[in-house]
Amino acid sequence: GVFNLLQGDGEVGKRLAGNEHVDGVLFTGSYEVGLKIKQETLHHFWKILALEMGGKNASIVWDDADMDKAVYECIIASYVTAGQRCSCTSRIILNKKIADQFIKRFYETAKKLSIGYWKDDPFMGPLISAEAVEKYIRFQEIAKREGCESLMRGKALDTGREGYYVTPSISLVQKFDAKSVYQKSEIFGPNVAIFVVEDFDEALQINNSTGFGLAVSVFSKNRDLYQRTLERARVGLVNWNRSTNGASSRLPFGGIGKSGN
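**Q** Got a minute to help me understand the overall build of the protein in this structure?
**A** Counting its regular elements, the protein contains 8 helices and 13 strands. The C-alpha radius of gyration computed for the protein amounts to 19 Å, which stays within 12% of the reference 18 Å derived for 261 residues, consistent with globular compactness. Summarising its shape, the C-alpha atoms of the protein cover approximately 60 × 50 × 35 Å along the three principal directions. Per-residue burial for the protein yields a buried fraction of 45% across its 261 residues. Partitioning the intrachain contacts of the protein with sequence separation of at least 6 by distance along the chain shows that 68% fall at a separation of at least 24. Once the 34 positive and 31 negative side-chain charges of the protein are each reduced to a mean point, those two points are 1 Å apart.

As structure tokens, then:
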């Protein structure tokens, strides 16, 4: 009775969250489900409600960045756990001066990532469901339809093991569009959108455009750029020369906007 675990689907969660005898709800998941919990508990003003929802996190890599460090951190952040973390990097915003060099190295490294069953010690395991695979493939088609160039196409992978394995993917965004479905949607899979900009203010504008606000990373030796990001990025977490996945256990963790309360 000290700690009880109930396994179940959305209906079980709904009944628990909506029960008036439950004192608090701490939720980690999608924005859509978090919104439903908020609505379900609207009249339970006594409840503690902590919503840790999605992210569309960006890493900004500037022209003075340590290239080895930036490529390594962005690869880890983009593809660890097959992109299935709220804090994964799903957008990389590059300064034009180093864009070609970064893209070449990022692409070559992504090609080498091992995918497979956990006992074989791969870098990437499977997605969680067939629906997740369908969504992952579908969003690559949406990206293509919206004018993005596919630098690496992600597809379903038969490893000989039971599970929903896919290969990583990279899409080059030809033009920033705040209304783009692909550019602002959380995919929750190993897909990265790459943007190329000349101006740091443009990079911050792209970062702030999705409605999500969990984490952003800045790769630069210039502390002033980090400070500008700290002041102007609409996020809960700002990391400097570390991936969006990194967080300190001594600090609060959480986002703003569609990323939570």
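**Q** I would appreciate a short explanation of the nonpolar core in the present structure.
**A** Counting residues in hydrophobic clusters, the biggest one holds 55 residues, and the most contacted among them are Val61, Tyr79, Ile92, Leu94, Phe102, Phe106 and Tyr182. Dropping the residues within four chain positions of it, tyrosine 79 is found in contact with Phe106, Ala110, Leu113, Phe123, Met124, Pro168, Ser169, Ile170, Pro190, Asn191 and Val192. Ranked by size, the runner-up nonpolar core spans 6 residues in total, among them Val25, Phe27, Leu51 and Met53.

**Q** Please clarify how a nonpolar patch on the surface should be interpreted in this entry.
**A** Together, Val2, Phe3 and Leu5 line one region of the surface with nonpolar side chains, adding up to about 440 Å² of accessible area. Relative to the assigned elements, leucine 5 resides in the segment before α1 (10-17). Among the residues examined, leucine 5 registers a relative accessible area of 61% and is labelled exposed.

**Q** Explain the sheet that holds strand β5 (residues 149-152) to me, please; I cannot follow it from the model alone.
**A** Pairing between the strands of a sheet comes from backbone hydrogen bonds, and it takes one of two forms, parallel or antiparallel. What the 7 strands build is an open sheet, ordered β5-β8-β9-β4-β3-β11-β12; its pairing is mixed. Among the strands making up the open sheet, the edge pair consists of β5 and β12 (237-240). Averaged over neighbouring strand pairs, the angle between their axes works out to 20° when direction is ignored. As paired strands, strand β4 (residues 89-95) and strand β9 (residues 191-197) are joined by 5 bridges and run parallel to one another. Residue pairing in the sheet places leucine 94 in a bridge with valine 196 of β9. Strands β5, β8 (169-172) and β9 of the sheet are contacted by helix α5 (residues 130-145), whose axis makes an angle of about 20° with β8. Running over the sheet, helix α8 (residues 223-232) touches β11 (215-219) and β12 and is turned about 170° from β12.

**Q** So what exactly am I meant to see when it comes to helix α4 (residues 96-111) here?
**A** The α-helix advances 3.6 residues per turn, and as a result positions three or four apart in sequence lie on the same side. With 16 residues, α4 extends 23 Å between its outermost C-alpha atoms, agreeing within 8% with the 22 Å of an ideal straight helix rising 1.5 Å per residue. Along α4, the sharpest kink reaches roughly 25°, centred on phenylalanine 102. Residues of α4 that are buried: Ile98, Ala99, Phe102, Ile103, Phe106 and Ala110. Contacts made by the buried residues of α4 are with β3 (57-61), α3 (67-79), β4, β5, β8 and β9. Residue asparagine 95 occupies the N-cap position of α4, its side-chain oxygen lying 2.8 Å from the main-chain nitrogen of lysine 97.

So, how was this worked out
Residues numbered from 1 in each chain as written. Predicted model: local features only at pLDDT ≥ 70, side-chain atom pairs only at ≥ 80, totals over all residues. Heavy atoms only, no water. Helix = DSSP H or I, 4+ residues; strand = E, 2+ residues; numbered from the N terminus. Rg over C-alpha atoms; globule rule 2.2 N^0.38 Å. Buried < 20%, exposed > 50% of the residue type's maximum accessible area, 1.4 Å probe, protein only. Contact = heavy atoms within 4.5 Å. Lys, Arg positive; Asp, Glu negative; His and termini not counted. Charge placed at Lys NZ, Arg CZ, Asp CG, Glu CD. Core = buried A, V, L, I, M, F, W, Y, C linked by side-chain atoms within 4.5 Å. Patch = residues over 30% accessible without salt bridge, like charges linked within 9 Å, V, L, I, M, F, W, Y side chains within 5 Å. Areas by Shrake-Rupley, 256 points an atom, 1.4 Å probe, with all protein chains shown as cover. Salt bridge = Lys/Arg side-chain N within 4 Å of Asp/Glu carboxyl O. Pairing = 2+ DSSP bridges. Axes fitted to C-alpha atoms, helices over the stretch in contact; angles between N-to-C directions. Expected span 1.5 Å × (residues − 1). Bend = angle between axes of the 7 residues up to and from the residue. Polar contact = N/O pair within 3.5 Å; in protein donor to acceptor, adjacent residues only side chain to side chain.

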